[in-house]
Amino acid sequence: MAMFSFNKTAKTILHAKQLITPTFFMTHVTANNMSLRRLTTLPTKILDGKYLANILQTRIKEEVQIIKRRVPDYQPHLAVVKVGVREDSSVYVRMKEKAAKETGIRFTLECLPESISQDELLERVRRFNDTDHVHGIIVQMPLPPHINESVIIDSINHRKDVDGIHTTNVGNLVKKSSTPLFLPCTPKGIIELLRAANIPISGQHAVVIGRSDIVGSPISTLLTSEDATVTLCHSKTRNIRDIVKLADILVVAVGQPELIKGEWIKPGATVIDVGINSISDTSKKTGKRLVGDVNYAEASKVAGAITPVPGGVGPMTVAMLMENTFISFKRWLETECHSYMSHPSSVPKE
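Rules used in this analysis
- Residues numbered from 1 in each chain as written.
- Predicted model: local features only at pLDDT ≥ 70, side-chain atom pairs only at ≥ 80, totals over all residues.
- Heavy atoms only, no water.
- pLDDT = per-residue confidence, 0-100.
- Contact = heavy atoms within 4.5 Å.
- Salt bridge = Lys/Arg side-chain N within 4 Å of Asp/Glu carboxyl O.
- Helix = DSSP H or I, 4+ residues; strand = E, 2+ residues; numbered from the N terminus.
- Buried < 20%, exposed > 50% of the residue type's maximum accessible area, 1.4 Å probe, protein only.
- Phe/Tyr/Trp six-rings, centres within 6.5 Å; stacked < 30°, edge-to-face > 60°.
- Lys NZ or Arg CZ within 6 Å of the ring centre and 35° of its normal.
- Core = buried A, V, L, I, M, F, W, Y, C linked by side-chain atoms within 4.5 Å.
- Pairing = 2+ DSSP bridges.
- Axes fitted to C-alpha atoms, helices over the stretch in contact; angles between N-to-C directions.
- Patch = residues over 30% accessible without salt bridge, like charges linked within 9 Å, V, L, I, M, F, W, Y side chains within 5 Å.
- Areas by Shrake-Rupley, 256 points an atom, 1.4 Å probe, with all protein chains shown as cover.
- 1 Å grid on protein atoms, 1.4 Å probe; cavity = no way out; pocket = protein on both sides within 12 Å on 5 of 7 lines; lining within 4 Å.
- Points joined across faces, edges and corners; volume = space filled by probe spheres on them.
- Nonpolar A, V, L, I, M, F, W, Y, C, P; charged D, E, K, R; others polar.

Q: Go over the confidence of the model for the protein, please, and point to the residues and values.
A: The predicted model of the protein averages 87 in pLDDT, with 83% of residues at 70 or higher. With pLDDT under 50 throughout, residues 1-42 is counted as low confidence; its partners more than four residues away or in other chains account for 97 contacts.

So this is what it looks like as structure tokens:
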């Protein structure tokens, strides 16, 4: 079996298209809206992030097992700090824990009360920074209002910043002459989805809606590094509808349910919907359902490819977190234990 190739550069992250063919993870549906009759012969590719993420995590698991056969006392270790009892945060943490267990990554969760002080939280982060066998650290966002999120993020050792949002990693992402130790998970997952589907990026007009530090801004940078021409839109942008209509690749991450309508989308465009929102739906037992920032029912009749919500970008974000943690683990072994492959007995115990 071919080995999983982890590349640290922004331009050649992980060529998922070498592992699977696009038809394996895309479902095809045909547009059936009578007003779009001229498009009914063009199938829309449903970019199944869940399926691709499972394949990537299986490859990571295989790599972990290969290394553990040589150094059985070691395994990748991800530490997550959660403050407070927000249900959405708890859901996201459970997803990460499940993926970690499935890939052979050790998972440590530290739950702290919402009343914890900033100094106390910084001390908890410091402890994980100082623990050699912890290879990745995440402080689950959002944090309570009395805690400065930027201070907490930058307190994480940038060599363990597997979310890729430390100032050092973000700065190196933006600079053409530098390479970050980690790419932010959601933007990295988006690039992998596009590559696995053989969707061209170079020379395309990409429109990004939303300028957050964890999605909008970094995906704009990554798309630019892939030679797309990028337009970044935000709350102050005028005529967003007209700009969206020009997009060959549309990435939406604003947290507004079904903001983008099908009629705004250029026929055949690729639509990446990062949003996940809960809206009322009396037909569901829970009285709610999840939707993205794009009106999927409308957009799927026009787009050439589209991510579903849920099951699109979300699983890829988690898979990229697992990959970043594994990359950190390998980097630690290579720098701290240079002889771990040829002389495993020389590796110190955890």
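Next, the rest of the story.
Q: Describe the pattern of salt bridges, and please don't skip the residues or the numbers.
A: Evaluated as defined, the whole model comprises 14 salt bridges. Across the salt bridge formed by E97 and K101, the nearest N and O atoms sit 3.5 Å from each other. Of the two residues, E97 and K101 both sit in helix α2 (residues 87-103), four residues apart, roughly one turn of that helix. Given the relative accessible area of 25%, E97 is considered partly exposed. Using a relative accessible area of 59% as the deciding quantity, one classes K101 as exposed. R195 is the salt-bridge partner of E192, the closest N and O atoms lying 3.9 Å from each other. Of this pair, E192 and R195 are both found in helix α6 (residues 185-196), three residues apart, which corresponds to roughly one turn of the helix. When its relative accessible area of 8% is taken as the criterion, R195 is described as buried. Here the salt bridges do not stand alone but share partners, grouping E123, R126, R127 and D130 into one network.

Q: Residue-level account of the packing of aromatic side chains, with values.
A: Applying the stated criterion across every chain, the model contains two aromatic pairs. Measuring from centroid to centroid gives 6.3 Å for F326 and F329, while their planes differ by 40 degrees, and the two rings are tilted. Of this pair, F326 and F329 both sit in helix α10 (residues 313-336), three residues apart, which is roughly one turn of that helix. Per residue, the accessibility class of F326 equals that of F329, and both read buried. In this structure, R331 packs its charged tip against the face of F182, placed 5.0 Å from the ring centre.

Q: Tell me about the nonpolar core, and please be specific about residues and values.
A: Core analysis: the biggest nonpolar cluster contains 51 residues, and L78, L194, I219, L223, V251 and M322 have the highest contact counts within it. If you list the elements that add at least two residues to this core, you get α1 (49-70), β3 (77-83), α2, α6, β6 (205-209), α7 (216-225), β8 (249-252) and α10. Examining the composition of this core, we find that 11 residues originate from one element, α10, more than from any other. With residues near it in sequence (within four places) discarded, M322 still touches Q57, I60, L78, K96, A99, A100, T103 and I105. Counting residues in each nonpolar core, the second largest holds 19 residues, with I46, I209, I260 and I306 among its members.

Q: Can you explain the sheet that holds β3? Please cite residues and give values.
A: Across the sheet, three strands lie side by side as β4-β3-β5; this open sheet has parallel pairing. Here the strands that pair on one side only, and so sit at the sheet edges, are β4 (106-112) and β5 (136-139). For this sheet the average axis-to-axis angle between neighbouring strands, irrespective of direction, equals 15 degrees. Judged from the four bridges that link them, β3 and β5 form a sheet pairing that is parallel. Among the inter-strand pairings, L78 is bridged to a residue of β5, identified as G136. Across the sheet, α2 touches β3, β4 and β5, and the angle it forms with β4 is around 160 degrees.

Q: Got a sec to walk through a nonpolar patch on the surface? Specific residues and values, please.
A: A surface patch of nonpolar side chains, about 400 Å² in accessible area, is lined by V91, Y92, M95, I276 and L290. When residues of the nonpolar patch are assigned to their parent elements, the largest contribution, three residues, is made by α2. Along the chain, I276 turns up in the loop between β9 (270-273) and β10 (277-280).

Q: Pulling in residues and values, what's your account of the environment of I209?
A: You can see I209 is positioned in strand β6. Residues I209 and V251 lie 42 residues apart in sequence; the distance between their C-alpha atoms is 6.2 Å. Apart from residues no more than four positions distant in its own chain, I209 is found in contact with C233, I240, V244, L250, V251, V252, A253 and V254.

Q: Got a sec to walk through empty space enclosed by the protein? Specific residues and values, please.
A: Considering all chains together, one arrives at two cavities of 30 Å³ or more under this definition. For the second largest cavity, the calculated volume is near 40 Å³. Of all the elements, β5 adds the most residues to the lining of the second largest cavity, at three residues. Residues belonging to the lining of the second largest cavity are distributed by class as follows: seven nonpolar, no polar and two charged.

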